[in-house]
Amino acid sequence: MQNPFRSEEAAFRFVLMTIGYFVLIVIAAAIDTWLGVAVFVVLSGAVAWWFSLRRTQSPPPVKQHPAASPPSEHRILVVANETVGGAELLGTIQEHAGDQFVRVLVVVPALNSPLKHWVSDEDGARDAAQDRLFDSLTAMRAVGLNVEGEIGDGDPIQALEDAVRTFRPDELIISTHPAGRSHWLERGVVEKARERFDVPLTHVIVDLDADRH
């Protein structure tokens, strides 16, 4: 089932709001049973109205058309996190590169927990992402790919949007864990990217457990 929240931060805020919702009802009920019932009815109506308003106000996604890349080269934008060093991803990039002159940009979102994100404690997430990116770039350059890399926003869709605007890719490659182990697939990252960007997109599934064996 697709995650209804747009980010981990949104899910975390929803959990806090839910806790506050029940705390208010418990406090009101402790004062007076009928007061608790009234608070429950009012808050339930407010929550239902809020979700209904969000559904009616959400605009349909508008596809973004990146500016054209230089005619003398083909640009591939790769977005991956833990799977950035997977053999399947490297093979797909080589296959898409073929014999043409290709520039590759690898973006690794610096994923972090909502709490650490809120307190601006992102150093650990960025350091881990940087280490994965360095190992991946080393492997790609070893097979002759013209590749650069950078750490992106913790939200993979925002990281994609930032890179599409500056790199102007001819195609996108998104790498994820298999279904059931991928938070990106649960959040619908691949589908959202297809809806948002008017660029050919390839989804690569990397099974790191199989690679290790």
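Analysis parameters
- Residues numbered from 1 in each chain as written.
- Predicted model: local features only at pLDDT ≥ 70, side-chain atom pairs only at ≥ 80, totals over all residues.
- Heavy atoms only, no water.
- Buried < 20%, exposed > 50% of the residue type's maximum accessible area, 1.4 Å probe, protein only.
- Helix = DSSP H or I, 4+ residues; strand = E, 2+ residues; numbered from the N terminus.
- Pairing = 2+ DSSP bridges.
- Contact = heavy atoms within 4.5 Å.
- Arc of directions from axis to C-beta.
- Core = buried A, V, L, I, M, F, W, Y, C linked by side-chain atoms within 4.5 Å.
- pLDDT = per-residue confidence, 0-100.
- Salt bridge = Lys/Arg side-chain N within 4 Å of Asp/Glu carboxyl O.
- Axes fitted to C-alpha atoms, helices over the stretch in contact; angles between N-to-C directions.

1. A short note on the pairing of strand β2 (residues 102-109)
And then number 1: Across the 8 residues of β2, 7 count as buried, placing the element largely inside the fold.
And then number 2: Looking at chain direction, strand β1 (residues 74-79) and β2 are connected through 6 bridges and run parallel. Each bridged residue has a counterpart across the sheet, and for I76 the counterpart in β2 is V104.

2. Brief notes about the side chain of S69
And then number 1: Position of S69 among the secondary structure elements: in the loop between α2 (33-57) and β1.
And then number 2: Taking relative accessible area as the criterion, S69 reaches 13% and is therefore assigned buried.
And then number 3: Dropping the residues within four chain positions of it, S69 is found in contact with R75, R168 and D170.

3. Side note on unusual backbone geometry
Peptide bonds are mostly trans, and most non-glycine residues show a negative phi.
And then number 1: The residue R168 is not glycine, and still its phi comes out positive at about 55°.
And then number 2: For R168, the position within the fold is in the loop between α6 (156-167) and β4 (171-176).

4. Looking at helix α8 (residues 189-196)
And then number 1: Turning to α8, its buried residues are V189, V190 and A193. Projection of α8 onto a plane perpendicular to its axis shows the buried side chains occupying an angular sector of 100°, all on one side.
And then number 2: Looking at the buried residues of α8, the elements they touch are α6, β4, α7 (183-186) and β5 (201-205).

5. Considering the nonpolar core
And then number 1: Judged by nonpolar contacts, the single largest core of 24 residues is most densely connected at V78, I93, V104 and V106.
And then number 2: Contributing elements (two or more residues each) for this core: β1, α3 (87-97), β2, α5 (123-142) and β3 (147-152).
And then number 3: Once you skip the residues sitting within four places of it in the chain, I93 turns out to touch V78, V104, M140, L145 and I173.

6. What to know about the environment of R196
And then number 1: Mapped onto the secondary structure, R196 falls in helix α8.
And then number 2: Considered as a pair, R196 and K63 are 133 residues apart in the sequence and their alpha carbons are 4.3 Å apart.

7. Overview of the side chain of N81
And then number 1: As for its position among the elements, N81 is in the loop between β1 and α3.
And then number 2: Residue classification places N81 among the buried residues on the basis of a relative accessible area of 8%.
And then number 3: With near-sequence residues (within four places) excluded, N81 lies in contact with V108, P109, L111, R132 and W184.

8. Concerning the confidence of the model for the chain
Any residue range with low pLDDT should be treated as having predicted coordinates unsuitable for detailed reading.
And then number 1: For the chain, the average pLDDT comes to 81, and 78% of its residues sit at 70 or higher.
And then number 2: Low pLDDT (under 50) marks residues 113-121, which in the prediction has 13 contacts with non-local residues, meaning those over four places away or in another chain.

9. A word on the pattern of salt bridges
And then number 1: Overall, the coordinates contain 7 salt bridges when judged by the stated rule.
And then number 2: When the shortest N-O distance is used, the salt bridge between E73 and R103 registers 3.4 Å. Linking E73 in the loop between α2 and β1 with R103 in strand β2, this pair joins segments that are 30 residues apart in sequence.
And then number 3: On the accessibility criterion, R103 (29% relative accessible area) is partly exposed.
And then number 4: Beyond isolated ion pairs, a larger network of salt bridges with shared partners links E73, R75 and R103.

10. Regarding the sheet that holds β5
And then number 1: With parallel pairing, 5 strands are arranged side by side in an open sheet as β3-β2-β1-β4-β5. A single partner strand is all that each edge strand has here, and the edge strands are β3 and β5. If you compare each strand with its neighbour and ignore which way they point, the axes differ by 20° on average.
And then number 2: Two strands pair when backbone bridges link them, and β4 and β5 are joined in this way by 5 bridges, in the parallel orientation. Its bridge partner being in β5, T176 is matched across the sheet by I205.
And then number 3: Packed on one face of the sheet, α6 meets β1, β2, β3 and β4 and runs near 150° to β2.

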